[in-house]
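Each chain, letter by letter, is given below.
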Amino acid sequence: RETSLRAVSDLFDLREALETWVVRRLARTISAVQLERLDLNLREQEAAVKDDDLETTTVLDAEFHTLLCSFADNLEIERIMVRLRDQLHRLILKVLHTHHERLRPGYLEHRGIAAAIRRHDGDLAARRVVDHLRYGRDILTRR
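Residues numbered from 1 in each chain as written. Predicted model: local features only at pLDDT ≥ 70, side-chain atom pairs only at ≥ 80, totals over all residues. Heavy atoms only, no water.

Draft legend 1. How the structure looks around the packing of helix α3 (residues 54-71) against helix α5 (residues 103-118). Two elements in contact, α3 and α5, have axes whose closest approach is 11 Å; the angle formed by their N-to-C orientations is 20 degrees. Judged by the angle between their axes, α3 and α5 are roughly parallel. Where α3 crosses over α5, the two elements pack in a sense that is left-handed. Each of Leu54, Thr57, Asp61, Phe64, His65 and Leu68 in α3 lies in contact with α5, whose residues at this interface are Leu103, His110, Ile113 and Ile117. Among the residues forming the contact of α3 with α5, the class breakdown is six nonpolar, three polar and one charged. (Axes fitted to C-alpha atoms, helices over the stretch in contact; angles between N-to-C directions. Helix = DSSP H or I, 4+ residues; strand = E, 2+ residues; numbered from the N terminus. Parallel < 35°, antiparallel > 145°, perpendicular 65-115°, else oblique. Left-handed = near helix turned anticlockwise from the far one by under 90°. Contact = heavy atoms within 4.5 Å. Nonpolar A, V, L, I, M, F, W, Y, C, P; charged D, E, K, R; others polar.)

Okay, here's the thing in structure tokens:
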């Protein structure tokens, strides 16, 4: 159990470092086409949440994070997120299974992150990423 708790905590540390850098960068560089792709993901998340579709919401949640990283134009970050995608999917699914009420707030947090990027407020986007990720870490590492 300690190893898995440590692995989860380490993964969230890595994600927090990478994803806060990513959203700060995107607040300066995101294109209209990238925003459209992000908006499509958010619309699909909204529909899945309304349908209470846990599996689709989980896939779209992981996709939201990997999309952001792919938009940052950094191949190493993109490779890391792609490599972690399955693990990320399992962790999100575990959070949503144990805290089903988290479906809608998680989606709304994604909308908030995207809105901060759209407004070119990288610091706000980064704070929202940290809050979003820490919620998941806390659930998964609670003893």
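Draft legend 2. Up close: the environment of Val22. Checked against the element boundaries, Val22 lands in helix α1 (residues 2-29). You can call Val22 buried: its relative accessible area is 1%. For the pair formed by Val22 and Asp53, sequence separation is 31 residues and the distance between their alpha carbons is 28 Å. (Buried < 20%, exposed > 50% of the residue type's maximum accessible area, 1.4 Å probe, protein only.)

Purely geometric numbers; function is a separate question.
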